[in-house]
Amino acid sequence: MNDTGSRLTKLLGIGALAAWGAMMLWGLVISGPEVFQRDSVRLLYIHVPSVFAAYTGFGITLVGSVIYLRNKSRFWDIAAHAGAEIGTLFMALVLITGALWGRPTWGVYWQWDPRMTSTAVLFVTYLGYLALRNLDLPREVRSRRAAVVGIVSFLNVIIVRYSVQWWRSLHQETTFGLDTQLDDSMLFSWFLGTVAMMLTFGWLLVHRFRLGWLESQVEEQQLSDALAERRADAGISALSASKAEAL
Amino acid sequence: MLATEFVIPLLDWSFEIPGRYWGYVVPGYVIAIVSILAYGRFILQRSKSLASKVPVENRRYFSDRPD
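Conventions adopted
- Residues numbered from 1 in each chain as written.
- Chains lettered and ligands numbered in written order.
- Predicted model: local features only at pLDDT ≥ 70, side-chain atom pairs only at ≥ 80, totals over all residues.
- Heavy atoms only, no water.
- Helix = DSSP H or I, 4+ residues; strand = E, 2+ residues; numbered from the N terminus.
- Buried < 20%, exposed > 50% of the residue type's maximum accessible area, 1.4 Å probe, protein only.
- Areas by Shrake-Rupley, 256 points an atom, 1.4 Å probe, with all protein chains shown as cover.
- Contact = heavy atoms within 4.5 Å.
- Axes fitted to C-alpha atoms, helices over the stretch in contact; angles between N-to-C directions.
- Parallel < 35°, antiparallel > 145°, perpendicular 65-115°, else oblique.
- Left-handed = near helix turned anticlockwise from the far one by under 90°.
- Nonpolar A, V, L, I, M, F, W, Y, C, P; charged D, E, K, R; others polar.
- Polar contact = N/O pair within 3.5 Å; in protein donor to acceptor, adjacent residues only side chain to side chain.
- Salt bridge = Lys/Arg side-chain N within 4 Å of Asp/Glu carboxyl O.
- Buried area = accessible area lost by both parts, 1.4 Å probe.
- Patch = residues over 30% accessible without salt bridge, like charges linked within 9 Å, V, L, I, M, F, W, Y side chains within 5 Å.
- Core = buried A, V, L, I, M, F, W, Y, C linked by side-chain atoms within 4.5 Å.
- pLDDT = per-residue confidence, 0-100.

Peer 1: Hey, could you go over the overall build of chain B for me, with residue numbers and the actual values?
Peer 2: Counting secondary structure elements, chain B contains two helices and zero strands. Per-residue burial over chain B gives 28% buried out of 67 residues. Surface summary for chain B: the accessible area is close to 4,600 Å², and the carbon and sulfur share equals 64%.

Right, dumping it as structure tokens:
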């Protein structure tokens, strides 16, 4: 087993692999093409679940940031960072699979319409959050600033979510919901895609959180080593000065 | 440059194959799988390099049992 692995990650990993296999079987082989979108509909079985995974990651960042600002919990600080990093990965997949779906469906890879523009801004915002996390600052300062950015950035998730209702958009309104009317095999493929993405998300989150914990421990160790070294140097200097005075 | 000169024309060409619309679908799945695997590998590699620096007793939340 690897350094951040456990029984939980093993179960999540095996579940994710099985769900990916089943989703690809249904999504690429068993379910048929859609009347208008033809085979490009198959991209939606990973595009929409990637949105769910990205929003879940950003939601964890929001919750973690709020809790961190209240009680300075290191657990939630690391969870917020992990959620943002994995959310950004899935948001990149949303943009890529969306562009690939857009070309055969709309005739263009990209259009500066409200949904796509706000999604691109959301992606860049969380890249900024991750850049802030890598600044060479004291941990408390860095975590506090990141928590503020993590809370403010989530507002854009709401804008992205409702952009297709608030403004005239090339992007269609919400397709998947409780009242969705889809062919059973398509709906099942999408369901399998959602399970696969969320299990993958869970597997990555646990590993990334534990990596974050290791990073914080190493950082703390380096800080205490540097302090000890400085104290030792200061002690030696003080000793030399007192000897010089005595002479 | 690579995207405009090579990748997009290739995708467009594969889309034009009669009766097949897989030119965009398969790259989408490949990109998703490769990205996730690459990121997962990055996490595991980095944790491997850091784990030796952190004593086992300082690894909270590494067990599935509550601490």
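Don't stop here, the text continues.
Peer 1: Talk me through the overall build of chain A; I want residue IDs and the actual numbers.
Peer 2: A count of helical and extended segments in chain A gives six helices and zero strands. Walking chain A from its N terminus toward its C terminus, one meets helices and strands in the order α-α-α-α-α-α. Relative to its full complement of 247 residues, chain A shows a buried share of 48%. Sequence separation of 24 or more characterises 78% of the internal contacts of chain A that already satisfy a separation of 6 or more. For chain A, the accessible surface area stands at approximately 12,500 Å², while carbon and sulfur atoms represent 64% of it.

Peer 1: Hey, could you go over the packing of helix 2 (residues 44–71) of chain A against helix 3 (residues 74–106) of chain A for me, with residue numbers and the actual values?
Peer 2: Residues and elements named next belong to chain A. In contact at an axis separation of 7 Å, helix 2 and helix 3 are set at 155° when each is read in the N-to-C sense. In terms of their interaxial angle, helix 2 and helix 3 are classed as roughly antiparallel. In terms of crossing hand, the pair formed by helix 2 and helix 3 is left-handed. The residue makeup of the contact of helix 2 with helix 3, split by class, is 20 nonpolar, eleven polar and one charged.

Peer 1: Outline the side chain of serine 143 of chain A, supporting the account with residue identities and numerical values.
Peer 2: Inspection of the secondary structure puts serine 143 of chain A in helix 5 (residues 139–166). With sequence-adjacent residues up to four places away left out, serine 143 of chain A is seen in contact with Tyr68, Asp77 and Arg133 of chain A.

Peer 1: How would you explain the side chain of serine 47 of chain B if you had to name every residue and give the values?
Peer 2: Structurally, serine 47 of chain B is set in helix 2 (residues 22–51). Using a relative accessible area of 1% as the deciding quantity, one classes serine 47 of chain B as buried. Looking at serine 47 of chain B, its side chain comes within polar contact range of the main-chain oxygen of leucine 44 of chain B, at 2.9 Å. Here serine 47 of chain B is in contact with Asp3, Thr4, Leu211 and Leu214 of chain A, once residues within four sequence places are set aside.

Peer 1: Tell me about the pattern of salt bridges, residues and numbers included.
Peer 2: Applying the stated criterion across every chain yields a total of eight salt bridges over all chains. Between arginine 42 of chain A and aspartate 39 of chain A there is a salt bridge whose closest N-O contact spans 2.7 Å. Across the pair, exposure class does not vary: arginine 42 of chain A and aspartate 39 of chain A are buried alike. Through salt bridges with shared partners, one network takes in Glu85, Arg208 and Glu215 of chain A together with Arg46 of chain B.

Peer 1: Which residues make up the interface of chain B and chain A, and what values go with them?
Peer 2: At the interface, 34 residues of chain B touch 44 residues of chain A. Both faces considered, chain B and chain A share a buried interface measuring about 3,700 Å² in area, 75% of it formed by carbon and sulfur atoms. Of all residues in chain B, the largest losses of buried area upon contact with chain A belong to Tyr29, Tyr39 and Phe62 of chain B, amounting jointly to 20% of the total for that side. Taken together, chain B and chain A are joined by one salt bridge.

Peer 1: Tell me about a nonpolar patch on the surface, residues and numbers included.
Peer 2: A cluster of nonpolar side chains, namely Leu69, Val148, Val152, Leu155, Ile158, Ile159, Tyr162, Trp166 and Trp167 of chain A, defines an oily patch on the protein surface of about 820 Å² accessible area. Per-element accounting of the nonpolar patch gives the leading share, seven residues, to helix 5 of chain A.

Peer 1: Before we move on, could you go through the nonpolar core and cite the residues and values that matter?
Peer 2: In terms of nonpolar packing, the biggest core is built from 64 residues, with Trp20, Phe58, Phe90, Met91, Leu122 and Leu204 of chain A together with Ile36 of chain B touching the most fellow members. Of all the secondary structure elements, the ones that give two or more residues to this core are helix 1 (7–30), helix 2, helix 3, helix 4 (114–133), helix 5 and helix 6 (184–246) of chain A together with helix 2 of chain B. A total of 14 residues in this core trace back to one element, the largest contributor, which is helix 3 of chain A. Apart from residues lying up to four places away in sequence, isoleucine 36 of chain B is in contact with Trp20, Leu89, Phe90, Leu93, Met197, Thr200 and Leu204 of chain A.

Peer 1: Account for the packing of helix 4 of chain A against helix 5 of chain A, with residues named and values stated.
Peer 2: Across the interface, helix 4 of chain A lies against helix 5 of chain A with an axial gap of 9 Å and an inter-helix angle of 170°. Considering their axes alone, helix 4 of chain A and helix 5 of chain A lie roughly antiparallel with respect to each other.

Peer 1: Go over unusual backbone geometry, please, and point to the residues and values.
Peer 2: Residue and element names in this part refer to chain A. Of note, lysine 72 is a non-glycine position whose phi angle comes to about 55°, a positive value. Structurally, lysine 72 is set in the loop between helix 2 and helix 3. You can call lysine 72 partly exposed: its relative accessible area is 40%.

Peer 1: Quick one: what's the story with the confidence of the model for chain B, residue by residue and with numbers?
Peer 2: Within chain B, residue pLDDT values average 78, and 75% of them lie at 70 or more. Confidence metrics for the complex model read pTM 0.86 and ipTM 0.86.

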